[in-house]
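Here is how the chains run, residue by residue.
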Amino acid sequence: MKKNIFLKNELLRILFSSSNHTLQAFTLNKRLSVAPNVFFDVIFQLEKEELLVVDGVFIKLSNLGEKKVLLDLNASKNSKNNIPKKFLSESKLKVNDLYIPKRSLL
Amino acid sequence: MDKLTRKACESVLHLAFKYPWLKPKTDALMTLLFEDCETDDQAQLIIDILDQLKYITMHEYNSYLSDLALDIATCGIEPESSFIVAMSADSKADSGQSVLYDLKNELSKIEWKGYRSVNRYDQTPKAYKEFKTSKGAQTINIVLVDNFVGSGSTVINRVKRIEELFNQSGFPKPNIYVKVLISTISGKDNINSEDIDFAFFSLVNDKLLERIYESDQVEVKKDLMRSLESKLAPSYNERVLPSLGYGESQVAISIENKNTPNNVFPILWWKYYSDQRVRNVLLHRAMDDA
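Residues numbered from 1 in each chain as written. Chains lettered and ligands numbered in written order. Predicted model: local features only at pLDDT ≥ 70, side-chain atom pairs only at ≥ 80, totals over all residues. Heavy atoms only, no water.

**Regarding the packing of aromatic side chains**
Residues and elements named next belong to chain B. Counted by the stated rule, this structure contains 13 aromatic pairs over all chains. Seen in terms of ring centroids, W21 and Y55 are 5.0 Å apart; in terms of plane orientation they differ by 5 degrees. Their pairing is stacked. Highlighted residues: W21 in the loop between helix 1 (6–18) and helix 2 (26–36) and Y55 in strand 1 (residues 54–56), separated in sequence by 34 residues. According to the relative accessible area criterion, Y55 is partly exposed, its value standing at 22%. One cation-aromatic arrangement involves K23 over F17; the distance from NZ or CZ to the ring centre is 4.4 Å. Positioned above the aromatic ring of Y273 is the side chain of R277, whose terminal nitrogen or guanidinium carbon lies 4.4 Å from the ring centre. (Phe/Tyr/Trp six-rings, centres within 6.5 Å; stacked < 30°, edge-to-face > 60°. Helix = DSSP H or I, 4+ residues; strand = E, 2+ residues; numbered from the N terminus. Buried < 20%, exposed > 50% of the residue type's maximum accessible area, 1.4 Å probe, protein only. Lys NZ or Arg CZ within 6 Å of the ring centre and 35° of its normal.)

**Considering the domain arrangement of chain B**
Residues and elements named next belong to chain B. The domain boundaries assigned to chain B delineate domain 1 (6–52 + 205–289) and domain 2 (58–204). Averaged C-alpha coordinates put domain 1 and domain 2 at centres separated by 32 Å. Each side of the interface is counted separately: domain 1 has twelve residues, and domain 2 has 14 residues. A buried area of about 1100 Å², summed over both sides, lies between domain 1 and domain 2, and 62% of it is on carbon and sulfur atoms. Contact with domain 2 buries surface across domain 1, with N205, I255 and K258 losing the most and accounting together for 37% of the total. (Domains from an automatic or database assignment. Contact = heavy atoms within 4.5 Å. Buried area = accessible area lost by both parts, 1.4 Å probe.)

**Some words on the pairing of strand 2 (residues 52–55) of chain A**
Every other side chain in a regular strand lies on the same face of the sheet, so the side chains alternate between the two faces. Residue and element names in this part refer to chain A. Only one face of strand 2 is buried, namely the one carrying L52 and V54, since none of V53 and D55 on the opposite face is buried. By the bridge criterion, four bridges tie strand 2 to strand 3 (residues 58–61) in an arrangement that is antiparallel. Across the sheet, residue D55 finds its bridge partner in strand 3, namely F58. Here strand 2 folds back onto strand 3 in antiparallel fashion, the turn holding two residues, of which G56 has a positive phi close to 60 degrees. (Pairing = 2+ DSSP bridges.)

**Observations regarding the sheet that holds strand 5 (residues 175–184) of chain B**
Residue and element names in this part refer to chain B. Here we have five strands laid out as an open sheet, ordered 3-2-4-5-6, and parallel in their pairing. Looking at strand neighbours, the two that pair on one side only are strand 3 (116–118) and strand 6 (197–204), the edges of this open sheet. Mean inter-strand twist for the sheet, computed between neighbouring axes without regard to direction, equals 15 degrees. Pairing geometry for strand 2 (residues 82–86) and strand 4 (residues 141–149), over five bridges, is parallel. Considered in strand 4, the bridge of I84 is made with V143. With respect to the sheet, helix 5 (residues 95–109) is in contact with strand 2, strand 3, strand 4 and strand 5, its orientation differing from that of strand 4 by roughly 115 degrees. Helix 6 (residues 124–135) rests against strand 2, strand 3 and strand 4 of the sheet, and its axis sits at about 155 degrees to strand 3. (Axes fitted to C-alpha atoms, helices over the stretch in contact; angles between N-to-C directions.)

**Observations regarding the sheet that holds strand 3 of chain A**
All names here are of chain A. Across the sheet, three strands lie side by side as 1-3-2; this open sheet has antiparallel pairing. The two strands at the open ends of the sheet, each matched to only one other strand, are strand 1 (22–24) and strand 2. Sheet twist, expressed as the average angle between the axes of neighbouring strands with direction ignored, equals 20 degrees. For strand 1 and strand 3, the ladder comprises three bridges, and the chain directions are antiparallel. For Q24, the partnering residue across the bridge sits in strand 3 and is F58. Strands in contact with helix 2 (residues 25–32) are strand 1 and strand 3; relative to strand 1, the strand with the most contacts, it is inclined by about 90 degrees.

Written as structure tokens, this is what we have:
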């Protein structure tokens, strides 16, 4: 299921970055490069979730899909370099305290 | 199938949107259209058949069942003198018994009670014998049930056989009603011509190729279908592949989560290729009673 979520996001991202947020099904399949049955499953699921619209041979990102991609983009930007406060320690290490060494410095 | 051509991709997408029941079956659909079919003519023939295929969802099936229950309750027979009998001929799992079991609940919903159920048609005389000792000899009503009628010959034989069995035992001739969920047009006509009280709740086309194509094209299309069937195993466990469906019925129907009838084109459900490889089939049927 997790793999599916990754594929879904990837598919939406590809659509988002193409002109008019639209691609032909065949092109989209080539860019996503997964087995055809997986590709169709993902398309049908996303269509059911109203994140994309299938119009003949064209697959188009819906407004909802657009929003989702933008939200995901923002979410990933924030999380990369931002260490939540609760993981930062205020006190410095004292001599002989236990600590987890940084692997690259060993 | 690992590589998808542009044409294949577009036609699968088109078909799946036209017929939503195909959506979870794109894999089998692609195998059928682009591996089993070698020419465009063959693929078009399959697409024409899929276009006519009647897909019955669980929801529709259940509504036919409640129609059937209502019909039994309102056709003027008394439950105390009625036997609801599965069309099944032996004790193996069978559609007739499935309908009989489903009816149990439907009939109780509408408070139609006191009837007896028999899960093998040939056990009816025995059931009547027990009935006679407690209730005394009288004319009984027999309601034969099943979910699908193909050619109708089974129904006709069952009715004759029951009459024969009752006659042999010297029991009074029962009133026999046949009620099924789904019938083909020819099945209905054949049964009606035998003067049997017959009710059904959904009708499907049979002899499909004759119905879709112009008369001069029919033989061409049948040969095309036979050429497709030549790739399949000609028999399985000594049962011969029913070319164009049992008795050449040429039916296209599928009932969600139920066994596909053998009157359906075998190209849609026959599970083995001629080299005994297992096929990825669009519709499913237990091959033991192929």
